[in-house]
Each structure stands twice: as C-alpha cells, then as structure tokens.
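Each chain, written out:
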Amino acid sequence: MSDDVSDLLAVEFCGMRLATPLVLLSGCVGFGEEYTRVDGFSNRDVGAVCLKGTTLAPRLGNPPHRVYETPLGMLNAIGLQNPGARHVVDEILPKLDFAETRFIANVSGSTVEEYEEVTRIFDDSPIDAIEINISCPNVKEGGVAFGNDPDMSARVVAACRKITDKPLITKLSPNQTDIAENARRCIEAGTDAFAVINTLMGMAVDIESRTPFIGNNQGGLSGPAIKPIALLKVHQVYQVCRTHDIPIIGQGGILTAHDALEFIIAGASTVGIGTALFYDPLVCPKINAGIADYLRRHRLANVQQLVGSLVLHEATKKVCV
Amino acid sequence: MRGSSAPTETVVIAVKTAKTTHRNTIFVEAARVLAHDAYAGDQYILRVHAPRCAQHATPGSFAHLQCDPQLPMRRPLSIMRTSGSDGWVEFLYRAVGTGTRLLAQRKVGDDISLLGPIGRHFEPDQTRSRPLLIGGGVGIPPMVFLAEWLHRHQPHKQPLVLMGSETPFPFTPQRSAIDVGGVPAEASTAMPLLEQWRIASRLASQQKFAGCYQGYVTQLAAHWLDALTPPQRKDVEIFACGPHPMLAATAKLAQRYGIACQVSLEEFMACAVGGCAGCVVPVNTPAGPAMKRVCVDGPVFDATSVFF
Ligand SMILES: Cc1cc2nc3c(=O)[nH]c(=O)nc-3n(C[C@H](O)[C@H](O)[C@H](O)COP(=O)(O)OP(=O)(O)OC[C@H]3O[C@@H](n4cnc5c(N)ncnc54)[C@H](O)[C@@H]3O)c2cc1C
Ligand SMILES: Cc1cc2nc3c(=O)[nH]c(=O)nc-3n(C[C@H](O)[C@H](O)[C@H](O)COP(=O)(O)O)c2cc1C
Ligand code: FES
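Cut-off values and rules
Residues numbered from 1 in each chain as written. Chains lettered and ligands numbered in written order. Predicted model: local features only at pLDDT ≥ 70, side-chain atom pairs only at ≥ 80, totals over all residues. Heavy atoms only, no water. Phe/Tyr/Trp six-rings, centres within 6.5 Å; stacked < 30°, edge-to-face > 60°. Helix = DSSP H or I, 4+ residues; strand = E, 2+ residues; numbered from the N terminus. Lys NZ or Arg CZ within 6 Å of the ring centre and 35° of its normal. Near = heavy atom within 4 Å. Polar contact = N/O pair within 3.5 Å; in protein donor to acceptor, adjacent residues only side chain to side chain. Areas by Shrake-Rupley, 256 points an atom, 1.4 Å probe, with all protein chains shown as cover. Nonpolar A, V, L, I, M, F, W, Y, C, P; charged D, E, K, R; others polar. Contact = heavy atoms within 4.5 Å. Patch = residues over 30% accessible without salt bridge, like charges linked within 9 Å, V, L, I, M, F, W, Y side chains within 5 Å. Salt bridge = Lys/Arg side-chain N within 4 Å of Asp/Glu carboxyl O. 1 Å grid on protein atoms, 1.4 Å probe; cavity = no way out; pocket = protein on both sides within 12 Å on 5 of 7 lines; lining within 4 Å. Points joined across faces, edges and corners; volume = space filled by probe spheres on them. Buried < 20%, exposed > 50% of the residue type's maximum accessible area, 1.4 Å probe, protein only. Core = buried A, V, L, I, M, F, W, Y, C linked by side-chain atoms within 4.5 Å. Buried area = accessible area lost by both parts, 1.4 Å probe. Sits in = over half its atoms within 2 Å of the grid points. pLDDT = per-residue confidence, 0-100. Expected span 1.5 Å × (residues − 1).

A.B. asks: Help me understand the packing of aromatic side chains, please; the structure alone is not making it clear to me.
C.D. replies: By convention here, two paired aromatic rings are described through the distance between centres and the angle between planes. All chains considered together, the criterion is met by eight aromatic pairs over all chains. Judged by centre distance (5.3 Å) and plane angle (20°), the ring pair of Tyr44(B) and Tyr93(B) falls under stacked. Of this pair, Tyr44(B) sits in strand 2 (residues 43-49) while Tyr93(B) sits in strand 6 (residues 88-94); the two residues are 49 residues apart in sequence, bridging distant segments of the chain. One aromatic cluster is present, built from ring pairs that chain together Tyr68(A), Phe213(A) and Phe268(B). Just above the ring of Trp88(B) sits the side chain of Arg47(B); from NZ or CZ to the centre is 3.5 Å.

A.B. asks: Which parts of the structure should I look at to understand the site of ligand 1?
C.D. replies: Lining the immediate surroundings of ligand 1 are 22 residues, of which Arg75(B), Pro76(B), Gly99(B), Thr100(B) and Glu266(B) lie closest. Each of chains A and B places residues next to ligand 1. In this structure, an oxygen atom belonging to ligand 1 sits 2.7 Å away from a main-chain N or O atom of Pro76(B). Between ligand 1 and the protein, one listed contact pairs an oxygen atom with a backbone N or O atom of Arg94(B) at 2.9 Å. For ligand 1, the protein covers 87% of the area, taking 830 Å² as the surface of the free molecule. Elements represented by at least two residues in the shell around ligand 1 include exactly strand 4 (75-78), strand 6 and helix 2 (98-104) of chain B. For the shell around ligand 1, the leading source of residues is strand 4 of chain B, giving four residues. Of the residues assigned to the shell around ligand 1, the class counts are 13 nonpolar, five polar and four charged.

A.B. asks: Before we go on, may I ask you to explain the environment of Gln176(A) in this structure?
C.D. replies: Residues and elements named next belong to chain A. Note that Gln-176 resides in the loop between strand 9 (168-171) and helix 6 (179-188). Gln-176 sits 29 residues away from Gly-147 along the chain, and the two C-alpha atoms are 8.0 Å apart. Sequence-distant contacts of Gln-176, defined by excluding residues within four places in its chain, comprise Gly-147, Asn-148, Asn-182 and Lys-233. At 2.8 Å, the side chain of Gln-176 and the backbone oxygen of Ser-173 are in polar contact.

A.B. asks: Just checking my understanding: could you explain a nonpolar patch on the surface for this structure?
C.D. replies: A surface patch of nonpolar side chains, about 330 Å² in accessible area, is lined by Met203(A), Val205(A) and Ile207(A). Within the element layout of this structure, Met203(A) appears in the loop between strand 11 (200-202) and strand 12 (205-206).

A.B. asks: I keep staring at empty space enclosed by the protein and nothing clicks. Help me out?
C.D. replies: A water-sized probe rolled over the atoms picks out the places where empty space is left. Residues and elements named next belong to chain A. Going through the model one piece at a time under the given rule, you end up with two cavities of 30 Å³ or more. By volume, the largest cavity is sized at about 470 Å³. What lines the largest cavity is a set of 35 residues, and nearest its centre among them are Ser-26, Cys-28, Asn-76, Asn-198 and Thr-199. Listing elements by their share of the lining of the largest cavity, those giving two or more residues are strand 4 (48-54), strand 6 (73-76), strand 16 (270-273) and helix 9 (276-279). Looking at the lining of the largest cavity, its residues break down into 15 nonpolar, 18 polar and two charged.

A.B. asks: What am I meant to see in helix 8 (residues 257-266) of chain A here?
C.D. replies: Since there are 3.6 residues in each turn of an α-helix, residues three or four apart along the chain are aligned in direction. Residues and elements named next belong to chain A. Along helix 8, seven of the 10 residues are buried, which leaves the element largely enclosed by surrounding structure. All of the buried residues along helix 8 are Ala-257, Asp-259, Ala-260, Leu-261, Phe-263, Ile-264 and Ala-266. Contact partners of the buried residues in helix 8: helix 7 (227-241), strand 15 (248-250), strand 16 and helix 10 (283-297). Directly after helix 8, the chain includes Gly-267, whose backbone phi takes a positive value near 130°.

A.B. asks: Would you take a moment to explain the nonpolar core for this structure?
C.D. replies: Within soluble globular proteins, side chains that are nonpolar tend to cluster in buried spots. Core analysis: the biggest nonpolar cluster contains 157 residues, and Phe122(A), Phe194(A), Ile273(A), Leu277(A), Ile291(A) and Leu132(B) have the highest contact counts within it. Contact partners of Phe122(A), with chain neighbours within four places excluded, come to Thr54(A), Ala85(A), Val88(A), Val89(A), Leu93(A), Ala105(A), Val107(A), Ile127(A), Ile130(A) and Lys166(A). Of all hydrophobic cores here, the second largest spans 26 residues; its members include Ile45(B), Ile140(B), Met163(B) and Cys212(B).

A.B. asks: I keep staring at the interface of chain B and chain A and nothing clicks. Help me out?
C.D. replies: Facing the 35 residues of chain B at the interface are 34 residues of chain A. Taken together, the two surfaces of chain B and chain A that pack against each other cover about 3000 Å², and 57% of this comes from carbon and sulfur. The largest share of the area that chain B buries against chain A comes from Arg23(B), Pro72(B) and Phe268(B), three residues that together contribute 22% of it. Counting every contact that joins chain B to chain A gives five salt bridges. Where Glu69(A) meets Arg75(B), a salt bridge forms, and the shortest distance between an N and an O atom there is 2.8 Å. Our count for the contact surface shared by chain B and chain A stands at 22 residue pairs in polar contact (both at pLDDT 80 or more). Counting residues per element, the side of chain B that touches chain A draws most heavily on strand 17 (residues 288-293) of chain B, which supplies four residues.

A.B. asks: Which parts of the structure should I look at to understand the site of ligand 2?
C.D. replies: Of all residues adjacent to ligand 2, which total 23 residues, the nearest are Ser26(A), Lys171(A), Gln251(A), Gly253(A) and Thr275(A). Neighbouring residues of ligand 2 are distributed over chains A and B. Ser26(A) is positioned with one of its backbone polar atoms (N or O) 2.8 Å from an oxygen atom of ligand 2. Within the side chain of Asn106(A), one N or O atom sits 3.0 Å away from an oxygen atom of ligand 2. In isolation ligand 2 has 610 Å² of accessible area, and contact with the protein removes 98% of it. More than half of the atoms of ligand 2 fall within 2 Å of the grid points belonging to the largest cavity. Of the residues in the shell around ligand 2, the class split is six nonpolar, 15 polar and two charged.

A.B. asks: Looking at this model, I keep getting lost on the confidence of the model for chain B. Mind explaining?
C.D. replies: The predicted coordinates should not be examined in detail at positions where pLDDT is low. Residues and elements named next belong to chain B. Here chain B shows a mean pLDDT of 93. Residues at 70 or above account for 94%. Contacts of residues 1-20 to residues separated by more than four positions or lying in other chains number 33 contacts, the stretch itself having pLDDT below 50. The ipTM value of the predicted complex is 0.94, and its pTM value is 0.94.

A.B. asks: Help me understand the side chain of Glu69(A), please; the structure alone is not making it clear to me.
C.D. replies: Here Glu69(A) shows up in strand 5 (residues 67-70). Overall, the relative accessible area of 14% leaves Glu69(A) in the buried class. At 2.9 Å, the side chain of Glu69(A) forms a polar contact with the backbone nitrogen of Met73(B). Beyond its immediate stretch of four places on either side in the chain, Glu69(A) contacts Met74(A), Leu71(B), Pro72(B), Met73(B) and Arg75(B).

A.B. asks: Looking at this structure, I do not really get helix 5 (residues 150-163) of chain A. What am I missing?
C.D. replies: Residue and element names in this part refer to chain A. Helix length check: helix 5, at 14 residues, gives a terminal C-alpha distance of 20 Å against a target of 20 Å (1.5 Å per residue), a fit within 8%. Contact partners of the buried residues in helix 5: helix 3 (112-123), strand 8 (129-133), helix 4 (144-147), strand 9 and helix 6. The N-capping residue of helix 5, defined by a side-chain oxygen 3.0 Å from the backbone nitrogen of Asp-151, is Asp-149.

Have a look at this one:
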C-alpha cells in the first residue's frame, strides 16, 4: 500500500490505529493464521482479525454437517469448537505476528461467570481487544440466549468490564426485537464498541431424508442474503451510538467495496469480512482499493469523514429512528 | 500404521518445514478451461490451465472450484492428473446438484476461479511393495493420481488399482495385458491409461458390465487378498476413496487382514483452508475423540482413526 492510500484507509477504533477499516470476522479465519496458507493473502491488508469464539473449557463443537449453502448465503452451526481460552493464550497467541495486524479475542460462555473467566484469561495476554459474543445462535446455553435479553446482555458486559481495561466490543444479535434498546443498555454497562450483526437463525431441509441438512438442525445465516437486514440494524444501533462516540464494526454479507461503503455511510466505523472470504480469499485488497477510490473521488481525507453520513428522506425519518 | 517404525517416504517434493509454517502453499488461479468432456451418468472430465496448482499438487490433494461466481461456497474436487510442465490440472466429477451442474456448463476458454492444491496427501510406505488402490465412483480420481505418482516415483512396486462404478466408467475399458492372481476371470478389463503405465487394474460393478467383476469393489479386493500368501499380504497397504459405505467396508477388510489403510473423506466445505471448522469429521486420536477438518487435516486419514 502506498503512503497516501495508507493515510486514506487508516482508522481510529477504540484508541487503536487500524491499518484499514476491514476486520476479519470471528469463526471465518480460525485463530488468525489459517488464511495465510493462501498465496497473496496477508493479515496486513486488514485492520484487525477476530479469533474464533473461545470458551473456558475446550469444546468439540457440533456434529456434521456444519455448513450448508443457501440462496446468496450459507448456514453454519459450528458449535464453538475451540481448544479453550488457556490453550489459545498459551499456545496460539505466541505464534501470531502482532506486527501484521491487531488481534481480537471472541469470548463466549454459558454463564456470566464463564464470560468473566475467559475475559480474565485474555486480559492477561497480548490480545488487542475483546469481543463479547452474546449472539452465537449455535450453542444451547449462553450465546444468543443472553444476547436477546437486554438485562442479561448488560449483566455480561458489566461483568467483563470490571475485569478488563482492554477495548470491549459487544457483538449484537439480529434475532431480537429491539436491538437499539439492547445497545443502549450495553453502553450503560460499559461497552466500548459494537459488532453488528451476528448471524440470523435459519434452517434448510433435505426433502429426501426429511431431516435438516445441518447436524445441529438449525444454523446461523450469513452472506449477502442478510445484508439489507444488517444495514438497517447498523443504522438503528448508530442512532444510539453517535451521541456516545461508540464505534461499530458493521457486518453481514459484505462482498465488495460498494457493500462496505453502504455500511460505513449507515454508521459503521469499520467493516467485517466473513463469508466473502469463502467466495474469494483475496477479496480484502480489492475492497481496500475500492474504498480508497471512493474516498478520493469524493475528496474525503479518511474513512471517518464518511461514517454515519447517511441522509434520510424527510418523510421516513421519524419511523426509522 | 503410520506410527510403525518403518520409514515412510514423503510424497511432497517441496514440503515447507514446520518452522516456516504453511504460509503461501495454496494458490488462487483463474483457471482457463482447456477441455471439458461429458461421459455417461452425468460424469465430466475437466482439464484447466492452473500452473501453480499443477506444480504443487500431490496424490490426494484437491482444489476448491468456483462453479459460478454467484455461489457463496466453492465445491471441492479431487485432483486426478496434473502436468507440471504444461501447467494443467484434470478433474473427474459427477454433476449431482446446484454447483456441479453449473460447473458442467463451463465451456472451453472460460475461466474458473481455482483454489488449490489443498490437503494432506496419501503417504505410501516405502517398504510396502504391493499398494492396493480402491476407488469408487467419483472417488476414482485420487487413485489415478496416486497410481501415476507410483509409476513415476516408485516403479519397483507392484500396485493394483480396483475401481467400482454403478454408471459406465468414464473411459472405455480395455482387455488387460497384465496378469493379476486371485481375481475372478470375469474381471478381465482395465483402465487404458493405467495399462499404458503398466499398472494392473480391474473393474467392478453391481451392473452387468462386460469384463467387470459383478459385485462390490471391496469383494473383488477380498478375492485378491485371499489369494496372497501371508508374507505377500504383509507387503500390502490400502489407499481408498469413494462413498462412505465403500470406505467403511474397505476399513473392515483392512482390519480383517491386518493391513494398513488410508482413506480420503468428504464433507461439506466453506473455506477449505482451515478457517471455518465447517468440514470436520469425528476422529479418534491418542488424546481422545477429536473433530478434524477434512480440508487441511485431511482429506486423507488413517482408516482406523475414522472407523474404529
Ligand atoms: C475433498 C473432496 C474431494 C472430492 N472430490 C470429488 C471428485 O473428484 N469428483 C466428484 O464428482 N466429487 C467430488 N467430491 C464431492 C463434491 O464436492 C460434491 O459432489 C459437490 O460439492 C456437490 O455439490 P453440488 O452443489 O453439485 O451438490 P448439492 O447437493 O446441490 O450441494 C449442496 C451443498 O452440499 C455440499 N455437498 C453435497 N455433497 C457433497 C459431498 N459429497 N462432498 C462435499 N460437499 C458436498 C455442496 O458442496 C454444497 O455446499 C469431493 C468432495 C470432497 C470433500
Ligand atoms: C462458519 C462461521 C463461523 C462463525 N463463528 C462465529 C464465532 O465463533 N463467533 C462469532 O461471534 N461469530 C461467528 N460467526 C459470525 C461471523 O463472525 C459474522 O458475524 C457473520 O458471519 C456475518 O458476517 P458475513 O455475512 O460477512 O459472514 C461465524 C460465521 C460463520 C460463517
Ligand atoms: S472448510 Fe473451512 S475449515 Fe475446512
């Protein structure tokens, strides 16, 4: 990247300087090193990498099949397969190259205490930030059960806040009635940022065997199919965030620079790339280039100047907010 | 088996050491279609220009192909043949659903985004001189690749390739000029390409195909194994790819005769580079049950770790 492109793309996020507004999303890139298998892929092309959802004890995850393609999207039910927080901190983090990008832990649990314990383990590690996943649709306890209840969401956030001074990002679920109200409660509880949105719950049926394709019966829907929903949720959460200066990692179906720009205009400071990597592992530099082009064309000095610049039509302003 | 003290030869020519990690071992290429031929039973042989994949592919590795740019998930296909010097890679696939049917529409001259080569390859044991290769249906491709590799790199061995198919084979079987002891006389035909390499092969099908053994390919394998002397049997190791029931039967056969066996597995895949844990299968390890990714921990696994 040339110097002027670096300046255009660099963003401030929770006091950290990110090289670009792109964030690789939890669950799509393992524990940070998997995609470097691909020649031409570099963690330097993104501002941050979110590691796979991590719990206190190791988890084997759900039975196969865990992924299934749907129209313009896919279902997944991995079930938080991970080797446990201690192993991640002791064995995996030392092997990551923190000079290439920022690494964000993705914390999950089935009790408030488990969220606390995992956060404590990551707090005492070189990890750059901690994302609280209260929106995983694929585990029986915790996850989305907490995320859909504003009281529980706030309790988890407050508990983790007490434990760490690292930037705390709360990952919100779209599977709830009033995402803005939930965001308000999480801000009160001390979150520094939001990730909006996690996957939507869905199902696909094999009509021959009359069973769901997904071993877990249901799964989380991601990809372009959810983009319009994700955009609206980012817009709604941004209305709450703007007055508190709380940034959002906008995500859900972003494939192109055009998609990324829509999210930024709707209020996202950074944008998540997940399912897009399955289409094209080398998509990140293309999105960076497209964003830089747009900023130049519109004579903007950086991404921040575009964040939340959405101009609503007068007639609908009231209903939307 | 792989834990035995016998030295195993490493198949890959340019293995990266553990220290340099796995970085930059999988390539993204705009693979130009060079040939795309249809065979009975919705089978296709696809040859594409993908020089980097061709150079680095090993028997058992696969590529993840974008059947159509609109599809969120690519489709995994085993690599059947490569030419490092001419830069092509060849696949054999059956059009079974959305993705493979779209792939079947791609014409000579089209570009297909290819991600590969991916996965752990078969590991022939240098000391075992009678590799038995068993391929079922569209599980045939990695067996052809392994046979070609043995032909080039371990010509002193006497491999036998057994193939089963319920639709006509995607080649014209020819009468074999190579003797194979133990197999019933009705199994008289072979795959022409393998004959060219002087590698013995025989065909099996439940259908009444002339020159084929009528029955399961694993039953044909049992005939051959039964006819070997115990010391000869000690020289055998099995490599298999095909439908799950065929692999399960092969694993049982291997266990019955105390023979080492490597199988290539399939599972639905999203990333195919180890990032999503979407493609796992339950596997037994010394440390207990584990979920292993077919894409990068496999697709080749020790049969005992999967089936027993
Ligand atoms: C490592 C590996 C190597 C393979 N090699 C070959 C080969 O050489 N030749 C060949 O014909 N087939 C091969 N397959 C199977 C091939 O990938 C599937 O037939 C194909 O993905 C089906 O896609 P579809 O969209 O046409 O079918 P659909 O049934 O419409 O697929 C729906 C979804 O299920 C997935 N899916 C369905 N069946 C399979 C399967 N058996 N394996 C993996 N995913 C599946 C698809 O990828 C897709 O996401 C291989 C699979 C793997 C994992
Ligand atoms: C295979 C897969 C696994 C995922 N695992 C996690 C996870 O462990 N924790 C989490 O917070 N989100 C997880 N997600 C959700 C993504 O991080 C992301 O929020 C979602 O996929 C929407 O973005 P996308 O449409 O760009 O993929 C996963 C998504 C996929 C596709
Ligand atoms: S397909 Fe993603 S880990 Fe194997």
